[in-house]
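Observations on the three-dimensional arrangement
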Amino acid sequence: MATVRPFDLTHFERTTEEIYSGQEFEDKLASRKQLRIKYGVDATAPFLHIGHAVNLWMMRDLQDHGHKVVFLIGDFTTRIGDPTDKEQTRGKITDEEIIRNAELFIAQVSEILRTDEEVFEIRRNSEWYSCMDLGDFLNLLTMVTHTRLIQRDMFERRIVAGREIYMHELLYPVLQGYDSYALQSDLTIVGTDQLFNELMGRFYQEKLGQDPQVVLTTRITPGIDGREKQSKSLGNYIALSDAPRDKFGKAMRLRDDLVPEFAEVYSLIPLDELREMFGAVDRGELNPMVAKRAFARALVERYHGADAAREEDEWFQRVFSERKVPESMPEVGVAGGERLMAVLERCLPEESRSELRRLVQGGAVRLNDVKLLDPDVVIGGEQREAVLRIGRRRWFRLRPSPAPAER
């Protein structure tokens, strides 16, 4: 077992919303026993962004002090679907998808969390639910009322809208709550959207004679567009898997008024430096762009190191401030008479066709600095290289080719 060292809760002040309860957390830390930190995910789309990483970095800090993260893959509950933030029932997912997504989740979290067995344990809730006796499950239900379960805001919204709530969705908080008991969880760190489910964990632990877990909720910021929270479907996120250039570029796309909050939550810039910097911005003594670049550097440095942060800052300065085309960029072969969409699909194979059309129609695509607004326009045919720019930070060198490259 890892050696447990004293932990100062002030580490968490800048990213913590609430603690249920703070005194219990202090008592658990003072006991000097290794805490079991529940980190549960449903194995749906394996996509993590810097909002998720807030919780992961806090867990990593506790790991470095000797505590253990119990990574719970909700392979059983994934078949049910967490109704959090969903206005209608989610479609079913296959066992093969669950297995594949679980592996991808583990690969992503290992970019931040330590995975040595002293401080990391992987569990799956099929371990207990696949063999649970029906009588035992019904006994869990006798402990909670229908009134309590429908207090969840997403259920209330569905009721008002006249949408159905299926029983398997209504029972999801019971299953997630019992997970905490099965894992003997001491602590869970979640966004405020998971508070209801994790308080059910405290409820069942107390009912079943176990010390209740501390629930720590973290701050949720808006997406980089300033609207709803970061989401893959909305495209308003900075993903953990984004390359350094993409992270830097997305940070530079933030509205000026969002930068102070993002810098506090997603960087390690000392709070006194942030207060001084943004105070100077408010007084008109510092250009907001300078503060935004400082955050972008700090964000890239946290995930990719100081050298990468310096390189991306220099690239941004050269390309955008000095209006220079980057010296190196990916090359894509283009045959004569190709439609723009076909070329874009080779440049950005990870993007959907609808997203590529949106980029073109929104004026984000330029060929040799000429804006292209028709996704079906024919390009190529020139006997010389051309430069294709997509958005403000993605550049491609198009070279003549006898036939389109295979996608």
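Above this text you will find the structure in question.
Described below are features of the structure shown in this document. Everything quoted here is computed from the prediction, not taken from an experiment.

Examining the overall build of the protein
The helix and strand tally for the protein stands at 18 helices and 13 strands. Across its three principal directions, the C-alpha atoms of the protein cover 75 × 50 × 45 Å. Classification of the 407 residues of the protein by burial places 49% in the buried group. Within the protein, counting contacts between residues at least 6 apart in sequence, those at least 24 apart form 75% of the total. In the structure as shown, the protein presents an accessible area of about 20,200 Å², 48% of it carried by carbon and sulfur atoms.

Considerations on the environment of Gln 213
With respect to the helices, strands and loops of the structure, Gln 213 is situated in the loop between helix H11 (195-207) and strand E6 (214-218). On the basis of relative accessible area, Gln 213 is assigned to the buried category, the value being 0%. Taking the C-alpha atoms as reference points, Gln 213 and Phe 203, 10 residues apart in sequence, are found 9.4 Å from one another. When sequence neighbours within four positions are dropped, the list of residues in contact with Gln 213 reads Tyr 20, Glu 24, Lys 38, Ser 180, Ser 185, Asp 186, Leu 187, Thr 188, Glu 198, Gly 201, Arg 202 and Gln 205. Separated by 3.1 Å, the side chains of Gln 213 and Ser 180 make a polar contact. Among the polar contacts made by the side chain of Gln 213, one reaches the side chain of Ser 185 at a distance of 2.8 Å.

Some details on the sheet that holds strand E1 (residues 16-20)
Spatial strand order, E1-E6-E5-E2-E3-E4: 6 strands in an open sheet with mixed pairing. Strands at the two margins of the open sheet, each flanked by one partner only, are E1 and strand E4 (120-124). Direction aside, the axes of adjacent strands within the sheet are offset by 25° on average. Pairing between E1 and E6: 4 bridges, direction antiparallel. Paired with Ile 19 across the strands is Leu 216, a residue of E6. Strands in contact with helix H4 (residues 95-109) are strand E2 (36-41), strand E3 (68-73) and E4; relative to E3, the strand with the most contacts, it is inclined by about 155°. Packed on one face of the sheet, H11 meets E1, E2, strand E5 (187-191) and E6 and runs near 170° to E6.

A short note on the sheet that holds strand E10 (residues 370-371)
The mixed open sheet is built from 5 strands, whose spatial order is E7-E13-E12-E9-E10. Each of the sheet's edge strands pairs with one partner strand only, and the pair in question is strand E7 (331-334) and E10.

Brief notes about the environment of His 52
Among the secondary structure elements, His 52 is positioned in helix H2 (residues 50-64). Once the C-alpha coordinates of His 52 and Ile 220 are considered, the two residues, 168 residues apart in sequence, prove to be 9.2 Å apart.

Details of the packing of aromatic side chains
Counted under the stated rule, the structure contains 13 aromatic pairs. A centroid spacing of 6.1 Å and a plane angle of 25° characterise the contact between Phe 71 and Phe 120, whose relative ring orientation is stacked. Highlighted residues: Phe 71 in strand E3 and Phe 120 in strand E4, separated in sequence by 49 residues. Judged by relative accessible area, which is 8%, Phe 120 ranks as buried. Here the aromatic rings of Phe 262 and Phe 295 are separated by 6.4 Å at their centres, their planes lie at 80°, and the arrangement is edge-to-face. Of this pair, Phe 262 sits in helix H13 (residues 259-266) while Phe 295 is found in helix H15 (residues 288-304), placing the two residues 33 residues apart along the sequence.

Observations regarding unusual backbone geometry
A cis amide bond links Tyr 20 with the next residue in sequence, Ser 21, at an omega value of -5°. Following the sequence through the fold, Ser 21 ends up in the loop between E1 and helix H1 (22-30). The phi dihedral of Arg 32 falls on the positive side, at around 60°, and the residue is not glycine. Residue placement: Arg 32 occurs in the loop between H1 and E2. A positive phi is found at Gln 184, a non-glycine position, where the angle reads about 55°. Topologically, Gln 184 is positioned in the loop between helix H10 (172-183) and E5.

So, how was this worked out
- Numbering of residues starts from 1 in each chain and follows the order in which that chain's sequence is written.
- Totals for whole chains, interfaces and linings use all residues, but because this is a predicted model, local features are given only for residues with pLDDT of at least 70 and pairs of side-chain atoms are given and counted only at 80 or more.
- Side-chain metrics rest on all non-hydrogen atoms present in the structure, leaving aside hydrogens and water.
- We count a stretch as a helix when DSSP gives it H or I for four or more residues in a row; a strand needs E for two or more, and each element gets its number in order from the N terminus.
- Residue exposure (1.4 Å probe, protein chains only): buried if accessible area is under 20% of the type maximum, exposed if over 50%, otherwise partly exposed.
- By the convention used here, residues are in contact when the closest approach between their heavy atoms is within 4.5 Å.
- To be clear on the numbers: accessible area is Shrake-Rupley with a 1.4 Å probe, and residue cover counts the displayed protein chains and nothing else.
- Pairing of N or O atoms within 3.5 Å defines a polar contact, subject to two protein rules: one partner must be a possible hydrogen donor and the other a possible acceptor, and residues neighboring in sequence count only if both atoms are side-chain atoms.
- A pair of strands is treated as paired once DSSP finds two or more bridges between them.
- Note on geometry: axes are C-alpha line fits, over the in-contact stretch for helices, and angles between N-to-C directions span 0 to 180 degrees.
- Pairing of aromatic side chains requires ring centres within 6.5 Å, counting the rings of Phe and Tyr and the six-membered ring of Trp. Pairs whose planes differ by under 30 degrees are stacked, by over 60 edge-to-face, and all others tilted.

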